[in-house]
Amino acid sequence: MKEPTDIGMNRTGIGTSPIDSKELIEAAEATVPSSEGDESGIASLRISYTSESGIVGTMPPPSSVKGAVKSVLEGLTAKNPAVFLDKLAERLQFERTGTRMYESVLAKFDALGGYDGGPTREALLEFHDEELRHFHVLRSALESMGADPTALTPSADIAAVEASGLLQVLNDPRTTLPQTLHAILVAELADSEGWDMLIELATNLGHEAMADDFRDAMRAEEKHLAHVRQWVANHAMQDAEGRMEQAA
Ligand SMILES: [Fe+2]
Ligand SMILES: [Fe+2]
């Protein structure tokens, strides 16, 4: 099978056809613009849409009496529990998607095999299981606060949309293992940031036991990030060196 860095029939660049590209550039230069338009038109349209549109969802009401009482009590101390719940739900959705992402990588590994300096199946499975464990940590945290862990909160919604491009790469049957690992690298970078902030929030809001659980998760995430980064870099280096050997 061809490797993505093999030379193929890619004709996306203008240099593929010097005659046509010359004509294209000449025609573009000779064409009088149909309007004096610039980027200000799209900018004002965006501004008008943004000012007219609503927001991406709101928080659900507490799903239990315990949650309602907690909301009132924390409300009295001027802490908005909804902010913390929103961020917990965001991490929960991310860890759930992270679990699915590693499932995709495992399928890619099983279909195409690994490479020198790349992940073992065991390592991918371990990271998958840790993402799932983190999902359960967050489920428990939300339940302990009387919140419904199945609710999609605004930040969870946004995080899901953000991850949708990564899922497209992961689930495309044409992508290679290193290409999917690059998508995982983006996810792990965001994941580490997310846990970092959640630990800070939990600590500042006095949820010490939760913060301890989250620090455990953070340690696993730091391990994920370090390994995935190395796997991606190893592949790029080997690929480049392999090509250099071929060229020599
Ligand atoms: Fe994670
Ligand atoms: Fe992770």
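A brief structural summary. The residue count restarts for each chain, going from 1 along the sequence in the order it is written. Naming scheme: in the order in which they are written, chains are lettered from A and ligands are numbered from 1. Per-residue local features are limited, in this predicted model, to residues with pLDDT of at least 70; the limit for side-chain atom pairs, both in listing and counting, is 80 or more; totals at the level of whole chains, interfaces and linings are taken over all residues. The basis for every side-chain value is the complete set of non-hydrogen atoms in the structure, without hydrogens or water.

1. Some points on the side chain of Glu-130
Moving on, step 1. Only runs of H or I of at least four residues qualify as helices and only runs of E of at least two qualify as strands under DSSP, and these elements are numbered from the N terminus. Tracing the backbone through its elements, the reader meets Glu-130 in helix H5 (residues 121-144).
Moving on, step 2. Among the residues examined, Glu-130 registers a relative accessible area of 9% and is labelled buried.
Moving on, step 3. What qualifies as a polar contact is a pair of N or O atoms within 3.5 Å, subject to a donor-acceptor requirement within protein and to the restriction that residues adjacent in sequence count only when both atoms come from side chains. Among the polar contacts listed, one links the side chain of Glu-130 to the side chain of His-224, at a separation of 2.7 Å.
Moving on, step 4. By definition in these notes, contact holds between two residues if any of their heavy atoms fall within 4.5 Å. When residues no more than four places from it in sequence are discounted, the contact partners of Glu-130 are Ala-220, Lys-223 and His-224. Remark: exposure states derive from per-residue accessible area (1.4 Å probe, protein chains only) relative to the maximum for the residue type, with buried under 20%, exposed over 50%, and partly exposed in between.

2. Quick look at the packing of helix H6 (residues 154-171) against helix H7 (residues 177-204)
Moving on, step 1. To obtain each axis, a line is fitted to C-alpha atoms, and for helices this fit is confined to the stretch in contact; angles are then taken between N-to-C directions over 0 to 180 degrees. One way to put it is that H6 packs onto H7 with a least axis distance of 8 Å and a crossing angle of 160 degrees. Relative to H7, H6 is oriented roughly antiparallel. The hand of the H6/H7 crossing is left-handed. Residues Leu-166, Val-169 and Leu-170 of H6 form the contact with H7, whose own contacting residues are Gln-179, Thr-180, Ala-183, Ile-184, Val-186 and Ala-187.
Moving on, step 2. Each residue gets one of three labels, nonpolar for Ala, Val, Leu, Ile, Met, Phe, Trp, Tyr, Cys and Pro, charged for Asp, Glu, Lys and Arg, and polar for the others, Gly among them. A per-class count over the contact of H6 with H7 returns seven nonpolar, two polar and no charged. These descriptions rest on fixed angle ranges, namely under 35 degrees for roughly parallel, over 145 for roughly antiparallel, 65 to 115 for roughly perpendicular, and the rest for oblique. Helix crossings fall into two classes, left-handed where the near helix is turned counterclockwise from the far one by less than a right angle and right-handed where it is turned clockwise.

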